[in-house]
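One letter stands for each residue in the lines below.
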Amino acid sequence: MPELPEVEITRRGIEPHIYNQTITQVVIRQSQLRWRIPKIIESELAQQVIQSVTRRGKYLLLNTARGHLILHLGMSGSLRIAKHESDIRKHDHFDLVFNDFSLRLHDPRRFGCVLWTKRNPMHHKLLASLGPEPLSSEFTAEYLYHSSRNRRVAVKEFIMNSHIVVGVGNIYATEALFMAGIHPKRTAGNVSLQRYIRLTKAIKIVLNRALECGGTTLRDFSNEQGQPGYFSIELQVYGRAGQPCAICRNPLASIKQSQRTTTYCKHCQK
DNA sequence: ACAGTAACCTGTTTGC
DNA sequence: TGCAAACAGGTTACTG
């Protein structure tokens, strides 16, 4: 999926188009995503004005006076601003129709979701227990250090856990561990504060740089105009198994951790 | 509370 | 060339 940078790029892209705009219609073409899209939004959202577009982790929130639409892009989702006359492509599952365009959700794998709550969305079951935002001041080495004591999972799985910290997916976890020189299989509970200082810095640097590049596009991701992000050309290890390490030139190794590929340098990451 | 695994989907790439 | 298996940006639900 879209990890945090891609979701934030999407948020920034759609906000100026839909802010203060009135939804004229809701179109559900395929309701069966990760969870069924609630049909009630067809009536609830009609004539509602978008008051703000916010983000929590990888969730996008479209806020109206009547309630909050919670969107997640899953592994393959993207949102775009589509002209009314533009063709509906396969996997265009959902539209919010405005006067001059539609906000259109495209998601081939359907791991994304579109949910609705009338209450404070931060209290929604899926959002209530999320960890801190990685680019916020709450996300510190001390926080990671303390919350990892007695945890036996590998440090890579630990930082990919959204209840620990949101927004860090497979690409950026892989890249940040390389930047920090930390072996991805090291037990989270045995990582020193010094190492977590390096890791928190690396996570912030990698995410901020990806944001500057418009995100990472491997195949599916595109911004609200349908354009890719360019951080992929700066990836140091992700997708580069067998290629020489940028630092020591030894070939990069590849392993599986919780069914996810991890690429790393045996020499530079300890 | 924690750890490990299966599950939800389709499309593309890889291997025989 | 054809077919099957493996793999892909995520995260919840379930089991022990």
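Each chain has its residues counted from 1, following the order in which its sequence is written. Throughout, the order in which chains and ligands are written sets their labels, letters from A for the former and numbers from 1 for the latter. Whole-chain, interface and lining totals are the exception, using all residues; otherwise, since this is a predicted model, local features are given only for residues with pLDDT of at least 70 and side-chain atom pairs are given and counted only at 80 or more. In computing side-chain values, all of the structure's heavy atoms are included and hydrogens and water are not.

### A closer look at the domain arrangement of chain A
Part 1 of the argument: Segmenting chain A into domains produces domain 1 (4–123) and domain 2 (141–264).
Part 2 of the argument: Once two parts are put together, the accessible area they lose, assessed with a 1.4 Å probe and summed over both, is termed the buried area. Between domain 1 and domain 2 the total buried area reaches about 1,500 Å² when both faces are included, carbon and sulfur atoms providing 64% of it.
Part 3 of the argument: By the criterion of area lost to domain 2, the three top residues of domain 1 are Pro5, Glu6 and Ile9, representing 34% of everything that side buries.
Part 4 of the argument: Salt bridges are counted wherever a side-chain nitrogen of Lys or Arg sits within 4 Å of a carboxyl oxygen of Asp or Glu. Taken together, domain 1 and domain 2 are joined by 0 salt bridges.
Part 5 of the argument: Distance and chemistry together define a polar contact, namely a pair of N or O atoms within 3.5 Å, with one atom able to donate a hydrogen and the other to accept it when in protein, and with adjacent residues in sequence counting only for side-chain atoms on both sides. Applying the counting rule to domain 1 against domain 2 returns 4 residue pairs in polar contact (both at pLDDT 80 or more).
Part 6 of the argument: Helix and strand assignments come from DSSP, with helices taken as H or I runs of at least 4 residues and strands as E runs of at least 2, each series counted from the N terminus. Elements with a contribution of two residues or more to the side of domain 1 that touches domain 2: α1 (4–18) and β5 (78–83).
Part 7 of the argument: In terms of residue count, α1 provides more of the side of domain 1 that touches domain 2 than any other element does, 10 residues in total. Domain boundaries shown here were taken from an automatic or database domain assignment.

### Description of helix α7 (residues 193–212)
Part 1 of the argument: A helix's residues, less one, multiplied by 1.5 Å, set its expected span. The first and last C-alpha atoms of α7 sit 29 Å apart over 20 residues, in line with the 28 Å expected at 1.5 Å per residue.
Part 2 of the argument: Along its buried surface, α7 packs onto α1, α4 (141–148), α5 (155–159) and α6 (170–180).
Part 3 of the argument: Two residues or fewer after α7 comes Gly214, characterised by a positive phi angle close to 80°. Contacts were defined at the residue level, with two residues in contact if any of their heavy atoms lie within 4.5 Å.

### So, the pairing of strand β4 (residues 68–72)
A regular strand carries its side chains on alternate faces of the sheet.
Part 1 of the argument: Residue burial is assigned from relative accessible area. The probe radius is 1.4 Å, only protein chains are included, and a residue is buried under 20% of its type maximum, exposed over 50%, and partly exposed in between. In terms of residue burial, β4 counts as a mostly covered element, since 5 of its 5 residues are buried.
Part 2 of the argument: Here β4 shows a buried face lined by His68, Ile70 and His72 and a second buried face lined by Leu69 and Leu71.
Part 3 of the argument: Two strands pair if DSSP finds at least two bridges between them. Note: strand β3 (residues 59–63) against β4, 5 bridges, orientation antiparallel. Its bridge partner being in β4, Leu61 is matched across the sheet by Ile70.
Part 4 of the argument: Taken together, β3 and the strand that follows it, β4, pair antiparallel across an intervening segment of 4 residues.
Part 5 of the argument: Looking at chain direction, β4 and strand β8 (residues 113–117) are connected through 5 bridges and run antiparallel. Bridge assignment links His72 to a residue of β8, and that residue is Cys113.

### Re the side chain of Ser222
Part 1 of the argument: Its place among the elements puts Ser222 in the loop between α7 and β9 (253–257).
Part 2 of the argument: Its relative accessible area of 7% is what places Ser222 among the buried residues.
Part 3 of the argument: In this structure Ser222 touches Ser78, Leu79, Arg80 and Gln227, once residues within four positions along its chain are discounted.

### Some remarks on the sheet that holds strand β2 (residues 52–56)
Part 1 of the argument: One open sheet holds the 4 strands; their spatial order is β2-β3-β4-β8, and the pairing between them is antiparallel. A strand with exactly one partner marks an edge of an open sheet, and here the two such strands are β2 and β8. On average, each strand axis in the sheet is inclined to that of its neighbour by 25°, with strand direction left out of account.
Part 2 of the argument: Here an angle of 0 to 180 degrees is reported between the N-to-C directions of two axes, which are lines fitted to C-alpha atoms, with helices fitted over the stretch in contact. On the sheet, α1 packs against β2 and β3 and is oriented at approximately 175° with respect to β2.

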